[in-house]
Amino acid sequence: MKKRTCFPSIITALVLACGTTPPAPDIDRTKPNLSVTITFNSDLYGTMMFKKMYPTYAIWIEDVKSGAVKTVYVTGKAGKDSWIMADKRPSSVPVWYGARKREKTVGTTGTVDAVTGATPSGNTFTHSIELPVDMVDGRLAVFVEGNISFDYNEHYPKKAAKGEPGYSDVNGQPSVVWKAVIEAGTRSAEKDLAIVGHGDVLGEDNRIHTNMIKITTAKDIFLYVGAHYSPGEKR
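Attention in this report is confined to the structure presented alongside it. (Residues numbered from 1 in each chain as written. Predicted model: local features only at pLDDT ≥ 70, side-chain atom pairs only at ≥ 80, totals over all residues. Heavy atoms only, no water.)

1. Points about the pattern of salt bridges
Piece 1. For the coordinates displayed, the defined rule picks out three salt bridges.
Piece 2. Among the ionic pairs, Arg 102 bridges to Glu 62, the shortest N-O distance being 2.6 Å. With Arg 102 in helix H3 (residues 94–102) and Glu 62 in strand S4 (residues 56–63), the pair connects residues that are 40 residues apart, well separated along the chain.
Piece 3. By relative accessible area, which is 16% here, Glu 62 ends up buried. (Salt bridge = Lys/Arg side-chain N within 4 Å of Asp/Glu carboxyl O. Helix = DSSP H or I, 4+ residues; strand = E, 2+ residues; numbered from the N terminus. Buried < 20%, exposed > 50% of the residue type's maximum accessible area, 1.4 Å probe, protein only.)

2. Focus: the side chain of Asn 153
Piece 1. Among the secondary structure elements, Asn 153 is positioned in the loop between strand S8 (138–147) and strand S9 (176–184).
Piece 2. A polar atom in the side chain of Asn 153 sits 2.8 Å from the backbone nitrogen of Tyr 156.
Piece 3. Within the local environment of Asn 153, its side chain forms a polar contact with the backbone oxygen of Lys 214, the two atoms lying 3.0 Å apart. (Polar contact = N/O pair within 3.5 Å; in protein donor to acceptor, adjacent residues only side chain to side chain.)

3. So, the sheet that holds strand S5 (residues 69–75)
Piece 1. On the basis of which strands lie adjacent, the open sheet formed by six strands has the order S6-S5-S4-S8-S9-S11 and mixed pairing. Every interior strand has two partners, whereas the edge strands, strand S6 (116–117) and strand S11 (194–198), have only one.
Piece 2. Across four bridges, S9 lies against S11 in antiparallel orientation. Bridging from a neighbouring strand, Val 177 pairs with Gly 197 of S11.
Piece 3. H3 rests against S4, S5, S8 and S9 of the sheet, and its axis sits at about 45° to S4. (Pairing = 2+ DSSP bridges. Contact = heavy atoms within 4.5 Å. Axes fitted to C-alpha atoms, helices over the stretch in contact; angles between N-to-C directions.)

4. Points about the nonpolar core
In a soluble, globular protein the nonpolar side chains are often hidden away together inside.
Piece 1. Ranked by size, the top nonpolar core spans 38 residues in total, and within it Leu 34, Val 144 and Phe 222 carry the most contacts.
Piece 2. Considering each element in turn, this core owes the most residues, five residues, to S9.
Piece 3. Look past the residues within four positions of Leu 34 in its chain and what remains in contact with it is Ile 61, His 127, Ser 128, Ile 129, Leu 131, Val 142, Ile 182, Ala 227, His 228 and Tyr 229.
Piece 4. Counting residues in each nonpolar core, the second largest holds 14 residues, with Val 69, Val 95, Ala 141 and Val 177 among its members. (Core = buried A, V, L, I, M, F, W, Y, C linked by side-chain atoms within 4.5 Å.)

5. Thoughts on the pairing of S8
Residues in a regular strand point their side chains to alternate faces of the sheet.
Piece 1. Judged by how many residues are buried, S8 sits mostly within the fold: nine of 10 residues are covered.
Piece 2. Direction of pairing for S4 relative to S8: antiparallel, over a ladder of eight bridges. Of the residues in S8, the one forming a bridge with Ile 59 is Val 144.
Piece 3. Sheet topology note: the S8/S9 ladder contains nine bridges and is antiparallel. Residue pairing in the sheet places Glu 145 in a bridge with Val 177 of S9.

6. Structural notes on unusual backbone geometry
Piece 1. Backbone geometry at Asp 137 places phi at a positive 65°, although glycine is not the residue there.
Piece 2. Here the phi dihedral of Asp 169 falls at roughly 60°; this positive angle occurs in a residue that is not glycine.
Piece 3. Mapped onto the elements of the fold, Asp 169 is located in the loop between S8 and S9.
Piece 4. Assessed through its relative accessible area of 47%, Asp 169 is described here as partly exposed.

7. Quick look at the sheet that holds strand S7 (residues 124–130)
Piece 1. Taken in spatial order, the four strands make up an open sheet running S7-S1-S12-S10, and their pairing is antiparallel. If you trace the sheet from one side to the other, it starts and ends with S7 and strand S10 (189–192), each paired once. When strand polarity is set aside, the average angle formed by the axes of neighbouring strands in this sheet is 15°.
Piece 2. Across eight bridges, strand S1 (residues 33–40) lies against strand S12 (residues 222–230) in antiparallel orientation. Opposite Asn 33, over in S12, you have Ser 230 as the bridge partner.

Right, here's the structure in full:
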């Protein structure tokens, strides 16, 4: 993923957003909760208007047994499908878009909008959520999907035209997906998330593609991704 300076333009604004820090979520720490911590590898990120351009990313959990889905956090443009000169950009976080279709709360009280925010800035940020009652006392798969535009490489070259091998539009390399399975029981638990695959480079499906041979620098957009489960603090 090459360093580059992105000058103000309509195309740049379409796919990137400057990093800002959203307010910390107000959750009840006496109840079972999950936190996901991400350390950003900002040396890889380009700049616009002298500000670092942080990745688009989504965090969600899935109940291993029931398949229930809950979004923990998603950056604003992806969560609201609000892109300049585009209603949708399916290649940004395509695996999460598939999970969102399965999430019961979309379009009801407690929608994805409630956990959508600007991309955090700085080195490390933690996103926390109070677990739904039906997700406690089970095994939870924790996912993080991240993506940066314009990170072309030899397999996804900038010069590739539509229809040619390696064509990615403005995406460059596809999104990368991290995963861990954690026990949400009576004891606290911690897990580091590991890369399990990537999304479709054009967002044409919602699967996790496990062949990572064509993914190079995109694997390094985060320096650390970890999850911590707490059964709830005693009052």
